[in-house]
Amino acid sequence: MAKKKHKKEPQKTNVMRILEQAHLDYDPQYYDAEDGQIDGLSVAKKMGENPDDVYKTLVCQGHSGEFKVFVVPVAEELNLKKAAKAAGEKSVRMIHQKELLPNTGYIHGGCSPVGMKKQYDTVIDASAEGRERIYVSGGKIGTQVGVSPTDLSTFIGATFADIVR
């Protein structure tokens with residue numbers, strides 16, 4: 001007799017706990033990542049959300065040596081020159097994947113602007129301003145949280161700027 005596969009209940013992530021402690025409304029979303037398709041466009045499709053509402057979190061290092069965080073729509077590409085200007089840096093470079101976990105506490109595909117090991121200067125693309133809700137990583141592959149971009153920026157001390165190509 002074949003064993004029945006029990007579907008695991010989605011677990012609350014640290015990002016969700018942090019948002020709850022701050023009394024911020026959020027909409028938890030879960031998607032199946034077993035197929036390995038965890039790029040932003042695939043995630044938006046799996047969630048049934050418009051890719052314009054789903055944002056990825058990118059971590060860069062500035063010319064100064066400081067880490068900078070950029071939150072951009074999944075279908076867009078970060079413009080490094082605009083990002084550097086918005087972050088008050090001469091230049092910025094994307095950090096290597098192996099640098100992500102030790103510096104943020106997150107892995108590639110599960111990096112959230114909420115709950116990093118240290119709160120780095122963060123810039124959210126201007127396209128998020130005025131939106132009712134955007135989705136960012138819930139801190140683990142397979143999770144996203146829908147949040148008000150205004151509440152998010154206030155909570156993490158982020159600014160808004162045009163930072164995409």
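Refer to the structure above for everything that follows.
Residues numbered from 1 in each chain as written. Predicted model: local features only at pLDDT ≥ 70, side-chain atom pairs only at ≥ 80, totals over all residues. Heavy atoms only, no water.

A.B. asks: Hey, could you run me through the overall build of the protein in this one?
C.D. replies: Check the secondary structure of the protein and you find five helices and eight strands. Overall, the protein shows an N-to-C arrangement of helices and strands of α-β-α-β-β-α-β-α-β-β-β-α-β. Its C-alpha atoms give the protein a radius of gyration of 16 Å, within 12% of the compact-globule value 15 Å for 165 residues. Expressed as lengths along the three principal axes of its C-alpha atoms, the size of the protein is roughly 65 × 35 × 30 Å. In the protein, the share of contacts with a sequence separation of at least 24, taken over all contacts with a separation of at least 6, comes to 61%. Put simply, the protein shows about 9,500 Å² of open surface, and 49% of that area lies on carbon and sulfur atoms. For the protein, the distance from the average position of its 23 positive side-chain charges to the average position of its 22 negative side-chain charges is 7 Å. (Helix = DSSP H or I, 4+ residues; strand = E, 2+ residues; numbered from the N terminus. Rg over C-alpha atoms; globule rule 2.2 N^0.38 Å. Contact = heavy atoms within 4.5 Å. Areas by Shrake-Rupley, 256 points an atom, 1.4 Å probe, with all protein chains shown as cover. Lys, Arg positive; Asp, Glu negative; His and termini not counted. Charge placed at Lys NZ, Arg CZ, Asp CG, Glu CD.)

A.B. asks: Would you mind showing me how to read the sheet that holds strand β7 (residues 143-147) here?
C.D. replies: Hydrogen bonds along the backbone pair up the strands of a sheet, which may run parallel or antiparallel. Strand order across the open sheet formed by three strands is β1-β7-β6, with antiparallel pairing between neighbours. Every interior strand has two partners, whereas the edge strands, β1 (27-30) and β6 (134-137), have only one. Between one strand and the next, the sheet's axes are offset by a mean angle of 30 degrees, whatever the strand orientation. Relative to β7, β6 runs antiparallel, the two sharing four bridges. Among the inter-strand pairings, Val136 is bridged to a residue of β7, identified as Val145. (Pairing = 2+ DSSP bridges. Axes fitted to C-alpha atoms, helices over the stretch in contact; angles between N-to-C directions.)

A.B. asks: Which parts of the structure should I look at to understand the sheet that holds strand β2 (residues 55-62)?
C.D. replies: Pairing is mixed in the open sheet, where five strands are placed in the order β4-β2-β3-β5-β8. The open sheet has two free edges, formed respectively by β4 (92-94) and β8 (159-161), since each of these has just one partner strand. Along the sheet, successive strands turn relative to each other by an average axial angle of 35 degrees, direction set aside. Bridging between strand β5 (residues 121-125) and β8 involves three bridges; their strand directions are parallel. The partner of Asp125 across the bridge, within β8, is Ala161. Here helix α5 (residues 149-156) sits on the sheet and contacts β5 and β8; the angle it forms with β5, its principal contact strand, is near 165 degrees.

A.B. asks: When you look at the layout of surface pockets in this model, what are you seeing that I'm missing?
C.D. replies: Taking a probe equal in size to a water molecule and rolling it over the atoms shows the remaining empty space. Roughly 440 Å³ of volume is contained in the second largest pocket. Lining the second largest pocket we find 23 residues, and of these Lys56, Thr57, Leu58, His108 and Gly109 sit closest to its centre. Of all the elements in the fold, those that place two or more residues in the lining of the second largest pocket are α2 (40-47), β2 and α4 (97-104). In terms of residues, the lining of the second largest pocket owes the most to one element, β2, which gives five residues. Broken down by class, the residue content of the lining of the second largest pocket amounts to twelve nonpolar, nine polar and two charged. (1 Å grid on protein atoms, 1.4 Å probe; cavity = no way out; pocket = protein on both sides within 12 Å on 5 of 7 lines; lining within 4 Å. Points joined across faces, edges and corners; volume = space filled by probe spheres on them. Nonpolar A, V, L, I, M, F, W, Y, C, P; charged D, E, K, R; others polar.)

A.B. asks: What exactly am I supposed to notice about the pairing of β2 here?
C.D. replies: Remark: a regular strand shows side chains that alternate across the two faces of the sheet. With seven of eight residues buried, β2 lies mostly within the body of the structure. Where β2 lies against strand β3 (residues 67-73), seven bridges are found, and the strand directions are antiparallel. Within β3, the position partnered with Tyr55 by the bridge is Pro73. Taking the residues between adjacent antiparallel strands as the criterion, β2 and β3 are bridged by four residues, where Gly65 takes a positive phi near 100 degrees. In this sheet, β4 lies alongside β2 in antiparallel orientation, the contact comprising three bridges. Paired with Gln61 across the two strands is Arg93, which belongs to β4. (Buried < 20%, exposed > 50% of the residue type's maximum accessible area, 1.4 Å probe, protein only.)

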